[in-house]
Amino acid sequence: MILGILKEPNGEKRVSLLPEQAEFFTKKNIQVVVEAGAGEHAFANDDSYLSKKATIHTRQEVLQNSDIILSIHPLTDTDTGQLKPGTVIAGIYAPLFARKLMQEWAVKNIWCFSLDMIPRTTRAQNMDVLSSQANIAGYRAVLLAAGLFPRYFPMFMTAAGSIAPAKVLILGAGVAGLQAIATARRLGAVVEVSDTRPSVKEEVMSLGAKFIEVEGAADPSQAGGYAVEQSDTFKQKQLQRLSESVTKSDIIIATAQIPGKPAPLLITEAMLQKMKPGSVIIDLAAATGGNVFGTRNDQTVVYRGITIVGNSNLQSDMPTDASKMYGKNMFNFLQLIIDKEGKTDINFNDDIVKGCCITYNGSVVNERVKTLINE
Ligand code: NAD
């Protein structure tokens, strides 16, 4: 068995497997082949892989010889053209948005496992790349906002005058949002939170934040714990309620997402008109359209003195821990598809394997992706 590790595209600092994790595999007699420079931005140089008995190669060699390839971002057309039929690739490929690409990969007989599709169950927790990476993004979002904000976060009473605490509004209390609440609270901010899932209210309050109540949210119980799209009446009520909070807020961390759909627009232009200049917004939902009017993905814009950062990849700015957690998620997942002899063994009776396998043996096999393709 040969396991390949690719260098990620420009601008991405993470790597899918760090040297100390490569060692888990080399100790099991699985050959780990690493593209030269793959770990460079995560402070893992080629020598550190060599010291763990991995070997360093060109990209072409990794692509042509591997049985399983780990990546974070999708492979390019040129990359996939070099794979052997039946090569397994595992990463975060957003197949609900990349349906055409999935069909192309099926035709090329690539066996694609997209770990962002893993069911959110207790057993899958240690393979849940969305959680491990969102946790980092939530933490970094608050630190980034604090760096850009022209005032303190905590309250101070000093001889030079009193400082009021910063007011932070968090949109979406999923994994990123909850970490953002905890981080903003640790820095001394006063925090308010909006989410359409009423079940998160207790978690929000236990972190010392205020939950913004809006009655009449759609029932998410059939959506595996995820949010679902809301009625127009609810959206109106929520926007009205949010408008009051936005006017008071100094910082907004926007994380609200609905799987497979564009992110809900929660901060309108009219609301931005009411925010104070110097306020900061970090929109982590930027890649799916953003929660905020004026958000541009991968850009920072200043609107009426309000800084709006559109960045859905803040985890890349903490590449060492992000790679460490990602690699551990991958290692745990690979235990499910590699047998004791070190051969690929795909068991579709396993709900985790079935849930994240998108293409197999020449076809798109994932039910959610198939449904979207046929719509
Ligand atoms: P996500 O990234 O899909 O969305 C972020 C948050 O935005 C969610 O809390 C969602 O309810 C909220 N949201 C969506 N639309 C909104 C709107 N219009 N207004 C305000 N908020 C809105 O979420 P996630 O972090 O991936 O978590 C999704 C679910 O999965 C949660 O229930 C989480 O607890 C659960 N989860 C379970 C496990 C596990 O059991 N293994 C692991 C991680 C997450």
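1. So, the domain arrangement of the protein
According to the domain assignment, the protein consists of domain 1 (2–117 + 319–365) and domain 2 (134–317). Placing a centre on the C-alpha atoms of domain 1 and another on those of domain 2 gives a separation of 33 Å. If you look at the interface, domain 1 gives 12 residues, while domain 2 gives nine residues. Roughly 770 Å² of surface becomes buried between domain 1 and domain 2 when both sides are summed, with 55% attributable to carbon and sulfur atoms. For the interface between domain 1 and domain 2, the tally reads one salt bridge.

2. Regarding the sheet that holds strand β6 (residues 111–114)
Picture the strands of a sheet paired through backbone hydrogen bonds; they go either parallel or antiparallel. Within the open sheet, the eight strands sit side by side as β3-β2-β1-β4-β5-β6-β16-β17. Their pairing is mixed. Either end of the sheet is taken by a strand with one partner, and the two such strands are β3 (55–57) and β17 (363–364). Strand direction decides the pairing type here: strand β16 (residues 357–360) and β17, joined by two bridges, are antiparallel. Bridge pairing in β17 places Thr359 opposite Val364.

3. Some words on the site of the ligand
As a matter of local geometry, the ligand sits amid 23 residues, with Ser131, Val175, Asp195, Arg197 and Gln238 nearest to it. The contact in question runs from an oxygen atom of the ligand to an N or O atom on the backbone of Val175, over 2.7 Å. The separation between an oxygen atom of the ligand and a polar side-chain atom of Asp195 is 2.6 Å. Calculation on the ligand without its partners gives an accessible area of 840 Å², and the protein chains cover 84% of this total. Tallied by class, residues from the shell around the ligand come to eight nonpolar, 11 polar and four charged.

Criteria and thresholds
- Residues numbered from 1 in each chain as written.
- Predicted model: local features only at pLDDT ≥ 70, side-chain atom pairs only at ≥ 80, totals over all residues.
- Heavy atoms only, no water.
- Domains from an automatic or database assignment.
- Contact = heavy atoms within 4.5 Å.
- Buried area = accessible area lost by both parts, 1.4 Å probe.
- Salt bridge = Lys/Arg side-chain N within 4 Å of Asp/Glu carboxyl O.
- Pairing = 2+ DSSP bridges.
- Helix = DSSP H or I, 4+ residues; strand = E, 2+ residues; numbered from the N terminus.
- Near = heavy atom within 4 Å.
- Polar contact = N/O pair within 3.5 Å; in protein donor to acceptor, adjacent residues only side chain to side chain.
- Areas by Shrake-Rupley, 256 points an atom, 1.4 Å probe, with all protein chains shown as cover.
- Nonpolar A, V, L, I, M, F, W, Y, C, P; charged D, E, K, R; others polar.

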